[in-house]
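# A look at the structure
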Amino acid sequence: MIWNIFPRGGLILSAVSGTSNVTDESLSDVIDSASEVTSDAAQEVNQLVRFIEDNIPNLISFGIKVVLALVFFFIGGKVIKWLRKVVRRSFERTNMDAGVAQFFDSMLKFGLYALLIFLIATNFGIESSSIAALIASAGVAVGLALQGSLSNFAGGILILLLKPFAVGDYILVTQEGIEGTVKEIQIFYTKLATVDNQTVVVPNSILTSNSLTNVTARPERQLDLKVGIGYDSDLKKAKKLIQEMLLSDPSVIQDEDVKVFVDSLGESAVVIGLRAWVKTDEYWNTRWRLTEQIKCTFDAEGIEIPYNQITVNVKSEEKTVEI
């Protein structure tokens, strides 16, 4: 394919199959179309430049308002933190319950930030009545969409009023399989710390709609243990050894009743029960220590602690082997 350019401006396309001519008129049409597109683009650019020039004062004013709003929000956040700190100190001076203090602190934070945003919005020229109407409509919509959150909020208020537990208590919610030490009581949820130091966030509605056990509500807790001994072992000796352990243990409250008794006669063991009172914060350490001490003492004194055994008789033609 060969292109030839003549002085008159015409183009002739030569090929093996034939030739095609582009006249001066078609070339002129292309140039005119390109000129129109360029003219339209230039006109749009000029309109944009003219719009920016005409609205430069408004743009500068809007930019200043945005900067002032950000500065105001930053300063307002610092003031809110200072106010919350002052309120927390006043709660500490009055020895207010930690759960109540945390609940009101979270409410104060939510309310102050909502007020701050309202003030910033009015600074942009938005009418307060319009904002109030918007908040009212949004409140209805959000209320319908967040019914669970509202129930959690109501649950938090019930927890503070009825006080089934406080910060620092160890609680059990058996139906939900939840347990741990209460660390924070917030508006919508309560934070628990498990024994292995994991944080569990529980909605307040779950804590108010299910039965729960407050393990540490009282400073003292009853220790209840059971141990089985063989039927051939000396029962009175075993009871005496357990009694001596309880009376000599420093964590057992001696002013309270200490009991050692036969709980039941099992299929393969005589079950001895023991009950004593210990301080709540020493419960588990005392339980683990006494369990180990009972095992070691019984082994040393020759008292058998039976366990499940299976006897298998294998019969053959010549002899019977018992395992």
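First things first, this report covers the structure right here in the doc.

What counts and how
Residues numbered from 1 in each chain as written. Predicted model: local features only at pLDDT ≥ 70, side-chain atom pairs only at ≥ 80, totals over all residues. Heavy atoms only, no water. Pairing = 2+ DSSP bridges. Helix = DSSP H or I, 4+ residues; strand = E, 2+ residues; numbered from the N terminus. 1 Å grid on protein atoms, 1.4 Å probe; cavity = no way out; pocket = protein on both sides within 12 Å on 5 of 7 lines; lining within 4 Å. Points joined across faces, edges and corners; volume = space filled by probe spheres on them. Phe/Tyr/Trp six-rings, centres within 6.5 Å; stacked < 30°, edge-to-face > 60°. Buried < 20%, exposed > 50% of the residue type's maximum accessible area, 1.4 Å probe, protein only. Lys NZ or Arg CZ within 6 Å of the ring centre and 35° of its normal. Contact = heavy atoms within 4.5 Å. Core = buried A, V, L, I, M, F, W, Y, C linked by side-chain atoms within 4.5 Å.

## Concerning the sheet that holds strand 5 (residues 178–185)
Read across the open sheet, the 5 strands follow the order 7-6-5-4-8; overall the sheet is antiparallel. At either margin of the open sheet sits one strand with a lone partner, and together these are strand 7 (199–203) and strand 8 (213–214). Judged from the 4 bridges that link them, strand 4 (residues 170–173) and strand 5 form a sheet pairing that is antiparallel. Looking at strand 5, one finds that Val173 is bridged to Ile178.

## A closer look at the layout of surface pockets
Approximately 360 Å³ is the volume found for the largest pocket. Along the wall of the largest pocket there are 15 residues; nearest its centre are Tyr170, Thr181, Val195, Thr216 and Trp284. Elements supplying a minimum of two residues to the lining of the largest pocket: strand 4 and strand 5. The element that contributes the greatest number of residues to the lining of the largest pocket is strand 5, accounting for 3 residues.

## Quick notes on the packing of aromatic side chains
Counted according to the given criterion, the structure contains 3 aromatic pairs. When the centroid spacing of 5.1 Å and the interplanar angle of 85 degrees are considered together, the rings of Tyr283 and Trp284 count as edge-to-face. Given a relative accessible area of 44%, Trp284 falls into the partly exposed group. Summarising the aromatic geometry, the rings of Trp284 and Trp288 are spaced 5.9 Å apart at their centres and angled 35 degrees between planes, so their arrangement reads as tilted. Of the two residues, Trp284 and Trp288 both sit in helix 8 (residues 283–301), 4 residues apart, roughly one turn of that helix. Three or more aromatic residues link up through ring pairs in this structure, and these residues are Tyr283, Trp284 and Trp288. Positioned above the aromatic ring of Tyr283 is the side chain of Arg221, whose terminal nitrogen or guanidinium carbon lies 3.7 Å from the ring centre.

## What about the side chain of Thr190?
With respect to the helices and strands, the residue Thr190 is situated in strand 6 (residues 189–193). The exposure class of Thr190 is buried, given its relative accessible area of 0%. Beyond its immediate chain neighbours, meaning those up to four positions away, Thr190 contacts Ile159, Phe165, Val182, Glu184, Ile185, Val200, Val201, Val202, Asn204 and Leu207.

## Overview of the nonpolar core
By size, the foremost hydrophobic cluster in this structure holds 22 residues, and its most contacted members are Ile229, Ile242, Leu246, Ile272, Leu274 and Phe298. Only strand 9 (220–229), helix 7 (235–248), strand 11 (270–279) and helix 8 provide two or more residues apiece to this core. When near neighbours in sequence (up to four residues on either side) are disregarded, Ile229 contacts Asp234, Leu235, Ala238, Ala269, Val270, Ile272, Phe298, Ile303, Glu304 and Pro306. Phe103, Ile178, Leu192 and Val202 belong to the second largest nonpolar core, which has 13 residues in total.

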